[in-house]
Amino acid sequence: MARMTMIEAVRSAMDVSMGRDEDVVVFGEDVGYFGGVFRCTQGLQAKYGKTRCFDAPISESGIVGTAIGMAAYGLKPCVEIQFADYMYPAYDQLTQEAARIRYRSNGDFTCPIVVRMPTGGGIFGGQTHSQSPEALFTHVCGLKVIVPSNPYDAKGLLISAIEDPDPVMFLEPKRLYNGPFDGHHERPVTPWSKHELGDVPEGHYSIPIGKAEIRRKGSTVTVIAYGTMVHVALAAVEETGIDAEVIDLRSLLPLDLETIVQSVTKTGRCVVVHEATLTSGFGGELVALVQEHCFYHLEAPVVRVTGWDTPYPHAQEWDYFPGPARVGRALTEAMEA
Amino acid sequence: MDEFSRLSLHVPEPAVRPGDQPDFSNVKIPKAGSVPRPEVDVEPEAIRDLAYSIIRVLNREGEAVGPWAGLLSDEELLTGLRHMMLLRAFDARMLMAQRQGKTSFYMQHLGEEAVSCAFRRALRKGDMNFPTYRQAGLLIADDYPMVDMMNQIFSNELDPCHGRQLPVMYTSKEHGFFTISGNLATQYVQAVGWAMASAIKNDTRIAAGWIGDGSTAESDFHSSLVFASTYKAPVILNIVNNQWAISTFQGIARGGSGTFAARGLGFGIPALRVDGNDYLAVYAVARWAAKRARRNLGPTLIEYVTYRVGAHSTSDDPSAYRPKTESEAWPLGDPVLRLKKHLILRGAWSDERHAQAEAEIMDQVIQAQKEAESHGTLHAGGRPSVRDIFEGVYAEMPPHIRRQRQKAGY
């Protein structure tokens, strides 16, 4: 066991995978010599050589497009999009190519690629470094979508993603890179070294894709969250004293519906939390599923806490970001309904 | 008065429209055999002229002349002629089958047969093409079973794609033919990635990307050239300039640059322009580019100057946007007739044998069609299962798709 930040955990996952399988290659903007703007690939080029970890031109469609070609050849590319906000030029390659190659060719060709991208807000990144585009991926059949909330999961899930036979979008909440940020921006963040989920095995292990984790057991209301919002929700539960059950989805597609249904059936109340904008967000899908599967157990309308339906602002970041106060109010609303 | 007048927007127009006399005076055609053949390790800057000329081997008389001639034996040329004739007969039958309602859609190669048929013969087994929908000659010239192509077109019970993909969007890893997407230009950069992978693994195989004149305007074309240039990928980047992108003449995509091939020059990629209706020239240039790639010298850009004699697909009528007689005026002629003439001149072929071969080939295609139709056509007979809708989205079916399949009754 070692204590790792989420950056170190992600790096370790790639390191372990590259060490075990010579077909794993890593590339993207600034990821080679420099090791990535968040340093997730630091040292990989020195260790594995520049044909297995290298810098790419600033062309997201080119990065994903070449990765698809490499996967068709038989490699397992794990590429980095520098910020999730930069993935749009690659969206055509992801939705119409990567996601459909197995299907349209009836398995003659496949596309085992991983596309890593730092996601979410909380770093004063403004409109172009704060977005949470997960719903744009969950709407695409053929992709898998993962959002880890801690170093242990990040490593185990990234290894699973690299070993997966299909294309996986791996969204890394950048505000969690160095610690379990709970939305209290006015306080210093606790480092991962002081958190039990910062305990990460140095070698190979994997976490199955499609399995949620209950972060806090509770009996009165279910909170469904992923990524940074898991820690925000835990803080809100602590501060309101409401005995909520907090589910960390970890994988959005495929989704662990069973865990959600079991919990909501038990609590009868549900709050869905994400950073992304409200309208047509992934929360809408979650609410619909809860309604379809738990309607006769519900004691109150399901509440959503999300980013506002506006572009992500710069100076007003903390009025936009759904922090623990807003999640706390939603919990109270669900309890009082 | 201001020294500047008001601005106006330039929108290019083709030289002629329906009702006008065809005019190809803008297509400058050098004499066959006049373009030099450089060594494959030539510096790209030294052969800039080749991006503005047209490499031709067969002259008007049907002779093979100049430095790009002399690569193919009688037997190889007869095989090439047979492939082109097969593709033409196949197209004719499938076009008719579409009109008979046996499939929803078809795209023919008429006039462009030499490009894919000759190119395939310059590659080796194991090399990978990333084709568009107008390179079925890559399959025909690699002896892919014609019945399987028809099964795919008819979306019948033996369709290799299980009914999921539009007609003519074939796939065959075994025959070096990447699954056709139907989107434009996306596959071009994938070819570069495949080639990079081959180089990463110190393999000997090379890749070929395919794009049309119109879709060179897509940003994927630009990123393909950047990646190919940066990593010196062992890839041949083919542009089939058949003059028309559905109803849009090639000037809309080409803009102010002299030729499509010239786009390679800014990337430091050797760029060659070739007579796409000349089987010998296509083969010679493709082999030159393949040799470059295999010697780890990097990518080559090739523009095939040809003409789309037929409609874009079964969904458009060319007489609505270009003169009806334009194809007859195309100055580079017909690829089948040109090779036929050359073979007769070589003493390896005759009009009689050609007529006999035409009949035999049509019979072969009709037999294949009968067999394919016995397994169903789009609206009749054997068809893929409804289960096939749900299979193969992922390697392992996730629970939500399983639930939907059950809901559909399967």
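As annotated in an unreviewed UniProt entry, chain B is 2-oxoisovalerate dehydrogenase subunit alpha from Rhizobium fredii. Per UniProt, the comment on chain B under Catalytic activity (unreviewed entry) is "N(6)-[(R)-lipoyl]-L-lysyl-[protein] + 3-methyl-2-oxobutanoate + H(+) = N(6)-[(R)-S(8)-2-methylpropanoyldihydrolipoyl]-L-lysyl-[protein] + CO2". Turning to chain B, the UniProt annotation filed under Function (unreviewed entry) states: "The branched-chain alpha-keto dehydrogenase complex catalyzes the overall conversion of alpha-keto acids to acyl-CoA and CO(2). It contains multiple copies of three enzymatic components: branched-chain alpha-keto acid decarboxylase (E1), lipoamide acyltransferase (E2) and lipoamide dehydrogenase (E3)."

Taking an unreviewed UniProt entry as the reference, chain A is identified by name as 3-methyl-2-oxobutanoate dehydrogenase (2-methylpropanoyl-transferring) belonging to Rhizobium fredii. Here chain A is described in UniProt, under the heading Cofactor (unreviewed entry), as follows: "thiamine diphosphate".

The next thing to look at is the overall build of chain B. Across its full length, chain B carries 13 helices and 7 strands. If you line up chain B on its principal axes, its C-alpha atoms span 70 × 65 × 55 Å. Relative to its full complement of 410 residues, chain B shows a buried share of 50%. Contacts in chain B between residues far apart in sequence, at least 24 positions, make up 77% of those at least 6 positions apart.

Attention shifts here to the nonpolar core. A general trend in soluble globular proteins is that nonpolar side chains are found buried together. Grouped together as the largest cluster of nonpolar side chains are 219 residues, with contacts concentrated most on Ala233 and Val271 of chain A together with Val235, Val282 and Val285 of chain B. Per-element accounting of this core gives the leading share, 12 residues, to helix α8 (residues 279-294) of chain B. When residues of this core are assigned to domains, at least three map to each of domain 1 (2-200) and domain 2 (213-336) of chain A. Beyond its immediate chain neighbours, meaning those up to four positions away, Val235 of chain B contacts Ala191, Val192, Ala195, Ile206, Ala207, Ala208, Gly209, Ala228, Ala293 and Pro299 of chain B.

Residues and elements named next belong to chain A. Domains assigned within chain A are domain 1 (2-200) and domain 2 (213-336). Taking the mean C-alpha position of each, domain 1 and domain 2 sit 25 Å from one another. With 30 residues of domain 1 in contact, the opposing surface of domain 2 contributes 29 residues. At the level of elements, α6 (134-138), β6 (144-146) and α7 (151-163) are the ones that each hand at least two residues to the side of domain 1 that touches domain 2. Of the residues that constitute the side of domain 1 that touches domain 2, the class distribution is 12 nonpolar, 13 polar and 5 charged.

What follows concerns the environment of Phe38 of chain A. Residue and element names in this part refer to chain A. Take Phe38: it is sitting in the loop between β2 (24-28) and α2 (44-48). The buried category is assigned to Phe38, around which 21 C-beta atoms lie within 10 Å. Distance from Phe38 to Tyr177, taken between C-alpha atoms, is 8.6 Å for residues 139 residues apart in sequence. Setting aside anything within four residues of it in sequence, one finds Phe38 in contact with Ile7, Pro118, Lys174 and Tyr177.

Attention now moves to the interface of chain B and chain A. In this assembly, 37 residues from chain B lie in contact with 36 residues from chain A. Contributing elements (two or more residues each) for the side of chain B that touches chain A: α5 (186-200), α6 (219-230) and α13 (399-407) of chain B. No other element matches α5 of chain B, which puts 11 residues into the side of chain B that touches chain A. Among the residues forming the side of chain B that touches chain A, the class breakdown is 18 nonpolar, 16 polar and 3 charged.

Attention shifts here to the sheet that holds strand β1 (residues 128-130) of chain B. All names here are of chain B. Taken together, 5 strands build an open sheet; the order of strands is β1-β2-β3-β7-β6 and the sheet is parallel. Pairing within the sheet leaves two strands with one partner each, and these edge strands are β1 and β6 (271-275). The mean angle between the axes of side-by-side strands here comes to 20°, regardless of whether they run parallel or antiparallel. Pairing analysis gives 5 bridges linking β6 to strand β7 (residues 300-305), with the strands arranged parallel.

As a further point, take the pairing of strand β5 (residues 114-119) of chain A. Residue and element names in this part refer to chain A. Within β5, 6 of the 6 residues are buried, leaving the element largely enclosed by the surrounding structure. Alternating positions in β5 separate into two faces, Val114, Arg116 and Pro118 on one and Val115, Met117 and Thr119 on the other, with burial throughout. The pairing of β5 with strand β7 (residues 168-173) spans 6 bridges and is classified as parallel. Within β7, the position partnered with Arg116 by the bridge is Phe170.

The next point concerns the UniProt feature "domain: Transketolase-like pyrimidine-binding" (unreviewed entry) in chain A. As recorded in UniProt, the sites labelled "domain: Transketolase-like pyrimidine-binding" (unreviewed entry) are residues 4-179 of chain A. For residues 4-179 of chain A, the helix share is 36%, the strand share is 16%, and the end-to-end C-alpha distance is 10 Å.

On to the UniProt feature "domain: 2-oxoisovalerate dehydrogenase E1 alpha subunit N-terminal" (unreviewed entry) in chain B, then. Within this structure's numbering, the places UniProt gives as "domain: 2-oxoisovalerate dehydrogenase E1 alpha subunit N-terminal" (unreviewed entry) are residues 6-45 of chain B. The span residues 6-45 of chain B shows a helical share of 0% and a strand share of 0%, and its end C-alpha atoms are spaced 40 Å apart.

All names here are of chain B. Residue placement: Gly111 occurs in the loop between α1 (74-99) and α2 (113-122). Taking the number of C-beta atoms within 10 Å as the measure of exposure, Gly111 has 24 and is therefore buried. Separated by 23 residues in the primary sequence, Gly111 and Arg88 have C-alpha atoms spaced 8.8 Å apart. Setting aside residues up to four positions removed in sequence, Gly111 forms contacts with Thr306, Tyr307, Arg308, Val309, Ser327 and Asp334.

Before going further, it helps to spend a moment on the packing of helix α4 (residues 146-154) of chain B against helix α11 (residues 351-373) of chain B. All names here are of chain B. The geometry of α4 relative to α11 is characterised by a closest axis approach of 9 Å and an angle of 50° between their N-to-C directions. Overall, the two elements α4 and α11 adopt an arrangement that is oblique. As for the relative orientation of α4 and α11, their crossing is right-handed in sense. The residues of α11 that touch α4, namely those facing Met146, Val147, Met150, Asn151 and Phe154, are Val365, Ala368, Gln369, Glu371, Ala372 and Glu373. Per-class residue counts for the contact of α4 with α11 are 7 nonpolar, 2 polar and 2 charged.

This part takes up the UniProt feature "domain: Dehydrogenase E1 component" (unreviewed entry) in chain B. When the UniProt feature table is mapped onto this chain, "domain: Dehydrogenase E1 component" (unreviewed entry) is found at residues 82-379 of chain B. Between the first and last C-alpha atoms of residues 82-379 of chain B the distance is 32 Å; the span itself is 42% helix and 10% strand.

Leu253 of chain A connects to Pro254 of chain A through a cis peptide bond whose omega is 0°. Its location among the elements puts Pro254 of chain A in the loop between β12 (251-253) and α9 (257-267). Although it is not a glycine, His162 of chain B sits at a positive phi angle of roughly 55°. With 23 C-beta atoms packed within 10 Å, His162 of chain B lands in the buried category. Of note in the backbone geometry, Asn202 of chain B takes a positive phi value of approximately 55° without being a glycine. Assignment of secondary structure puts Asn202 of chain B in the loop between α5 and β2 (207-212). The exposure class of Asn202 of chain B is exposed, given the 8 C-beta atoms found within 10 Å.

Residue and element names in this part refer to chain A. The interhelical angle for the contact between α9 and helix α10 (residues 282-294), taken along N-to-C directions, is 60°, at an axis separation of 10 Å. By crossing handedness, the relation of α9 to α10 is classed as right-handed. Residue-level contacts link Leu257, Ile260, Val261, Val264 and Thr265 of α9 to Leu289, Val290, His293 and Cys294 of α10.

On to the environment of Leu94 of chain A, then. Residues and elements named next belong to chain A. Inspection of the secondary structure assignment puts Leu94 in helix α4 (residues 91-98). Remark: the alpha-carbon pair of Leu94 and Leu157, spanning 63 residues in sequence, is separated by 20 Å. Residues contacting Leu94, with those up to four places away along its chain left out, are Val64, Ala99 and Leu143.

So, about the pairing of β7 of chain B. Within β7 of chain B, 6 of the 6 residues are buried, which leaves the element mostly enclosed by the surrounding structure. Side chains Thr300, Ile302 and Tyr304 of chain B project from β7 of chain B onto one buried face, and the interleaved Leu301, Glu303 and Val305 of chain B project onto a second face that is buried too.

Here is what the cut-offs are and how they apply
Residues numbered from 1 in each chain as written. Chains lettered and ligands numbered in written order. Predicted model: local features only at pLDDT ≥ 70, side-chain atom pairs only at ≥ 80, totals over all residues. UniProt positions renumbered as here; feature names shortened; annotations may be inferred. Helix = DSSP H or I, 4+ residues; strand = E, 2+ residues; numbered from the N terminus. Buried ≥ 20, exposed ≤ 12 C-beta atoms within 10 Å, placed from the backbone. Contact = placed C-beta atoms within 7 Å. Core = buried A, V, L, I, M, F, W, Y, C linked by C-beta atoms within 7 Å. Domains from an automatic or database assignment. Nonpolar A, V, L, I, M, F, W, Y, C, P; charged D, E, K, R; others polar. Pairing = 2+ DSSP bridges. Axes fitted to C-alpha atoms, helices over the stretch in contact; angles between N-to-C directions. Parallel < 35°, antiparallel > 145°, perpendicular 65-115°, else oblique. Left-handed = near helix turned anticlockwise from the far one by under 90°.

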